[in-house]
Amino acid sequence: MKRLLFIALSIVLFACNSVEKSNINYPEYADNALNFIVASDLGRNGYYEQKPIAELMGIFTEKVDIEFVAAAGDVHHFNGVASINDPLWMTNYELIYSHPGLMIDWFAICGNHEYRGNTQAVLDYSNVSRRWIAPAKYYTRTFDAGDSTMVRLVFIDTAPLIDKYRNNDNGYPDAVKQDMQQQLNWIDSVLATSTEKWKIVIGHHPVYAETNKELSERTEMQTRVAPILERNGVDIYFCGHIHNFQHIKPAASDVEYVVNSSASLSRKVKTTVDTRFCSDKAGFTVCSVTDNSIEITFVDSKGNIIYTYHRSK
């Protein structure tokens, strides 16, 4: 049995496509910028493109000063984790994201797949791994960007904000236990009192996106979350869940709605009336913030920069 386990872990760790460093395109950012990676929909036990993309994320840290990773949910497919001792912590996370450059802070939130398991274990793992930071199901942090500019990141817990999860006690037992209005009030209060120049919100589920997933997921996020983002001057809402890259900007909105692709297994996508860009490539997003601008860069699994967007203020 031990020999089989060793062989299985060896396959996860080493039987993957190598990443050619010479083929990677690196963005050029200001020396004093705040740079971070947005990664979501990761956990496939190293299969599909997870391991090569994990390598690529690590290689990026060798050339780009990445301060942290924002892990926007679904680190564990398909049924979350059972406890802090679940082997999935090794095969989905620790043994996959093992590059020295990824031994940085990972600010994590739950996705819908975490809600199929023990969501408290996702928080408690913060006491096991130094780099895993999940102090609560929703929380906020501030960071320096440039010489005098501050950035506020608000990490929200979206599954309990959507009825399909709240109404499924068997499939998502922890979702109904969460006080939806309490979280919405908290998000509104934090953003309303924020004095930082840049405001970024990160959740797992999209507010706007093109997808075959149930329309109610988005309409409920549009009803419950979008008004809070709009009236409080949020610059960007990052999410995952759809497994492709999208940049959506509704005509009447001041918020950039950015869907980060899966870092393991991607899905098809098509444009809509409000689409600025979309791609069915797997990969991750790099966000760079300075005094005067935010730059969003979509990076595919081969290291190609497939889209860049600048927002100035």
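Here, every reference points to the structure presented above.
Residues numbered from 1 in each chain as written. Predicted model: local features only at pLDDT ≥ 70, side-chain atom pairs only at ≥ 80, totals over all residues. Heavy atoms only, no water.

### Some remarks on unusual backbone geometry
- Cis geometry is adopted by the peptide bond preceding Phe78, which originates at His77 and carries an omega value of 5°.
- Mapped onto the elements of the fold, Phe78 is located in the loop between strand 2 (68–71) and helix 3 (88–94).
- The backbone of Tyr48 shows a phi angle near 55°, a positive value even though the residue is not glycine.
- Positionally, Tyr48 belongs in the loop between strand 1 (34–39) and helix 2 (50–63).
- On the basis of relative accessibility, which here comes to 56%, the residue Tyr48 falls in the exposed class.
- In this model, His243 sits at a positive phi of 65°, which is unusual for a non-glycine residue.
- Relative to the helices and strands, His243 resides in the loop between strand 8 (236–239) and strand 9 (245–248).
- The class of His243 is buried, set by a relative accessible area of 2%. (Helix = DSSP H or I, 4+ residues; strand = E, 2+ residues; numbered from the N terminus. Buried < 20%, exposed > 50% of the residue type's maximum accessible area, 1.4 Å probe, protein only.)

### Notes on the environment of Arg276
- Residue position: Arg276 is located in strand 11 (residues 275–279).
- Taking relative accessible area as the criterion, Arg276 reaches 46% and is therefore assigned partly exposed.
- Taking C-alpha positions, Arg276 is 6.8 Å from Lys249, a pair spaced 27 residues apart along the chain.
- The contact partners of Arg276, leaving out residues within four places of it in the chain, are His247, Lys249, Tyr307 and Tyr309. (Contact = heavy atoms within 4.5 Å.)

### Examining the pattern of salt bridges
- For the structure on display, the rule yields 14 salt bridges.
- With its nearest N and O atoms 3.8 Å apart, the salt bridge here joins Glu220 to Arg224. Here Glu220 and its partner Arg224 are both found in helix 7 (residues 215–224), 4 residues apart, which amounts to about one turn of the helix.
- Judged by its relative accessible area of 15%, Glu220 is buried.
- Judged by its relative accessible area of 21%, Arg224 is partly exposed.
- Across the pair Glu256 and Lys249 runs a salt bridge whose closest N-O atoms are separated by 3.5 Å.
- With relative accessibility at 15%, the residue Lys249 sits in the buried group.
- Overlapping salt bridges, with partners in common, bring together Asp235, Lys249, Glu256, Arg311 and Lys313 in one network. (Salt bridge = Lys/Arg side-chain N within 4 Å of Asp/Glu carboxyl O.)

### Re the pairing of strand 13 (residues 293–300)
- For strand 13, the tally of buried residues reaches 7 of 8 residues, placing the bulk of the element in the interior.
- Two elements, strand 12 (residues 283–289) and strand 13, share 7 bridges in a ladder whose sense is antiparallel. Bridge pairing in strand 13 places Gly283 opposite Asp300.
- Linking strand 12 to strand 13, which pair antiparallel, is a turn of 3 residues.
- Relative to strand 14 (residues 305–312), strand 13 runs antiparallel, the two being bridged by 7 bridges. Of the residues in strand 14, the one forming a bridge with Ser293 is Ser312.
- Counted between consecutive antiparallel strands, the loop separating strand 13 from strand 14 contains 4 residues, among which Gly303 sits at a positive phi close to 90°. (Pairing = 2+ DSSP bridges.)

### Observations concerning the environment of Glu28
- Within the secondary structure layout, Glu28 lies in the loop between helix 1 (2–14) and strand 1.
- The class for Glu28 is exposed, based on a relative accessible area of 77%.
- Put simply, Glu28 and Val64 are 36 residues apart on the chain and 7.9 Å apart in space, counted from C-alpha to C-alpha.

### Description of the side chain of His113
- The residue His113 is located in the loop between strand 3 (105–108) and helix 4 (119–124) in this model.
- With sequence-adjacent residues up to four places away left out, His113 is seen in contact with Asp74, His76, His77, Phe78, Asn79 and Gly80.

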